[in-house]
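# Results of the structural survey
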Amino acid sequence: MKDEPEFDDAVDPHSRARSFHDSTCYGRVSKHYYLLQFVCFTLFVIAAIMTASTESFSVNQEVFFPPKKWSPKMIVFDKDGTLGDCTPALKTWCQKMTNNVRKKCVDDGRSPTQTQLIVSQFHQSIGWDANIDNVLPSAPLSAGTWDGIVQLSAEGLMKAGLDVDFDQVREWHENLGDIHACDAPLIPHLPDFLKLFKHHGIMISICTSDDRRSTNACMENWNILDLIDYSICGDEVVENKPSAHPLMELCGRAGIMPHECMVVGDTSADTQMGRNSKAGLIVGVLTGSGTERQLLDTGAHVILPNISYIKDLLENHDLFNGSESDVDSTENSVSLSPIKIRAG
Ligand SMILES: O=C(O)COP(=O)(O)O
């Protein structure tokens, strides 16, 4: 006598389910089946919640907050891709420089195939992906100084056989003006957001590879000029990011040590600078060109979707040291859940 339905492993689950209905003991088996399904689902939900909380909220004490009761004396923000949206400006730069390259190719009597090869070489040298019309993660165009980018462009074009030199490429670049000067801030209410930290006695700095002129223009456009204690630009440093030098210089001016700083940036140049200088906390943000994996691999302790999450990060981990803020920023606050902490 057949008490239980027999199942052939080769039969697909749908036909197997149909065989339950055909079975004389359908009721008993289906109860077990649904009970099993319920238990599996419950276990799955519990596991999902535990995994989410581990990834979102758990803190690796060794990696995340080295000193007990640590709190930042200064937050050092990268500019492009962290405070301001640089993507449209980089696209414009690449399009206009590519037009100059194409025009030069036509003037020199290059064939369309030769022109395409030269343009490809140019794009490769600065880290531009023409297929997605965007810069590659943490590529020179998003992380380097303009001097460095012009140098790489000229080298790439000369290597491809175009009859240009550094001065010619520099002239093309300079005719484009300060391309980042009109970038928009990446979060609304940027001045209020920065004031929150100032009210807690935390200094604010900008460390950028962009030039001084366009950095000053951005600070004015964003109404944050009075809120920035120190800033250092790509045309003012001996060694640029990822060297520790720019951060050491800012610390020297502020009279503090790198381990008292929180470094916030969107590219591996920022996170590596943080690591090279042994900054106290290195935060990667996903509003620019670096990927989460890249930022974690190059020194980020924490990954945030954008800078507005820093407020939650400091509040939830008790990292505000100074007096309570009288700025009500709840209006702009957002959930902490997407925070990712680097695994030990
Ligand atoms: O202007 C650039 O090329 C990079 O600037 P950033 O260091 O502020 O990201």
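Residues numbered from 1 in each chain as written. Predicted model: local features only at pLDDT ≥ 70, side-chain atom pairs only at ≥ 80, totals over all residues. Heavy atoms only, no water.

As annotated in an unreviewed UniProt entry, the protein is Phosphoglycolate phosphatase from Cyclotella cryptica.

## Things to note about the overall build of the protein
Here is the rule: Helix and strand definitions here come from DSSP, where helices need a minimum of 4 consecutive H or I residues and strands a minimum of 2 consecutive E residues; each element is numbered from the N-terminal end. Using a 1.4 Å probe on the protein chains alone, a residue whose accessible area is under 20% of its type maximum counts as buried, one over 50% counts as exposed, and one in between counts as partly exposed. Pairs of residues are marked as contacts when any of their non-hydrogen atoms sit within 4.5 Å.
Per the secondary structure count, the protein includes 13 helices and eleven strands. Buried residues in the protein amount to 46% of all 344 residues. Counted over contacts in the protein with a minimum sequence separation of 6, partners at least 24 positions apart contribute 67%.

## Re the domain arrangement of the protein
Going by this rule: For the domain bounds, the source is a domain assignment made automatically or taken from a database. Buried area, as used here, totals the accessible surface that two parts lose on assembly, with accessibility defined by a 1.4 Å probe and the loss added over both.
Partitioning the protein into structural domains gives domain 1 (74–85 + 184–341) and domain 2 (87–175). Computed from C-alpha coordinates alone, the two centres of domain 1 and domain 2 are separated by 30 Å. Counting each side, the surface lost to burial between domain 1 and domain 2 is near 890 Å², with a carbon and sulfur contribution of 47%. It is D85, S209 and S289 in domain 1 that bury the most area against domain 2; as a group they hold 45% of the surface buried on that side.

## Section: the confidence of the model for the protein
Just so we agree on the cut-off: Scored between 0 and 100, pLDDT is the confidence that the predictor attaches to each residue.
The predicted model of the protein has a mean per-residue pLDDT of 82, with 74% of residues at 70 or higher. Across residues 323–338 the pLDDT falls below 50, and counting only partners more than four positions away or on other chains, this stretch makes 30 contacts in the model.

## Some thoughts on unusual backbone geometry
Residue P242 is bonded to the preceding K241 through a cis peptide linkage, with omega at 15°. You can see P242 is positioned in the loop between strand 7 (230–232) and helix 10 (245–254). Its identity as a non-glycine residue notwithstanding, S138 has a phi of 55°, on the positive side. Positionally, S138 belongs in the loop between strand 4 (134–135) and helix 5 (140–143). A positive phi is found at H189, a non-glycine position, where the angle reads about 60°.

## Details of the pairing of strand 9 (residues 281–285)
Here is the rule: Strand pairing follows a simple DSSP-based rule, namely that at least 2 bridges must link the two strands. Viewed with both strands pointing away, a crossover whose connecting path from the first strand over the helix to the second turns clockwise is right-handed.
Counting buried residues along strand 9, five of its five residues qualify, which places the element largely inside the surrounding structure. Residue alternation in strand 9 divides its side chains into two sets, L281, V283 and V285 and I282 and G284, and both sets are buried. Bridge count between strand 9 and strand 10 (residues 302–304): three bridges; the pairing is parallel. Following the sheet pairing, G284 is matched in strand 10 by I303. Each parallel crossover has a hand, and the one from strand 9 via helix 12 (residues 292–297) to strand 10 is right-handed.

## Here's the deal with helix 10
Just so we agree on the cut-off: When we speak of the arc, we mean the arc of directions from the helix axis to the C-beta atoms.
Residues P246, L247, L250, C251 and A254 constitute the buried set of helix 10. Angular distribution of buried residues about the axis of helix 10 spans 135°; they occupy a single face of the element. On its buried side, helix 10 packs onto strand 1 (74–77), strand 6 (203–207), strand 7, strand 8 (261–265) and helix 11 (268–276). G255 sits one or two residues past helix 10 and shows a positive phi near 70°.

## Considerations on the packing of helix 4 (residues 112–126) against helix 6 (residues 146–159)
Helix-helix packing is described using two parameters, namely the angle between the two axes and the distance between the axes. Let me state the cut-off plainly: To get an axis, a line is fitted to the C-alpha atoms, and for a helix only the part in contact is used. The angle between two axes follows their N-to-C directions and goes from 0 to 180 degrees. The hand of a helix crossing depends on one turn: near helix anticlockwise from the far one by less than a right angle means left-handed, and clockwise means right-handed.
Across the interface, helix 4 lies against helix 6 with an axial gap of 8 Å and an inter-helix angle of 150°. Once helix 4 is placed against helix 6, the crossing between them reads as right-handed. Seen from helix 4, the contacting residues are I118, Q121, F122, S125 and I126; seen from helix 6, they are I149, L152, S153, G156, L157 and K159.

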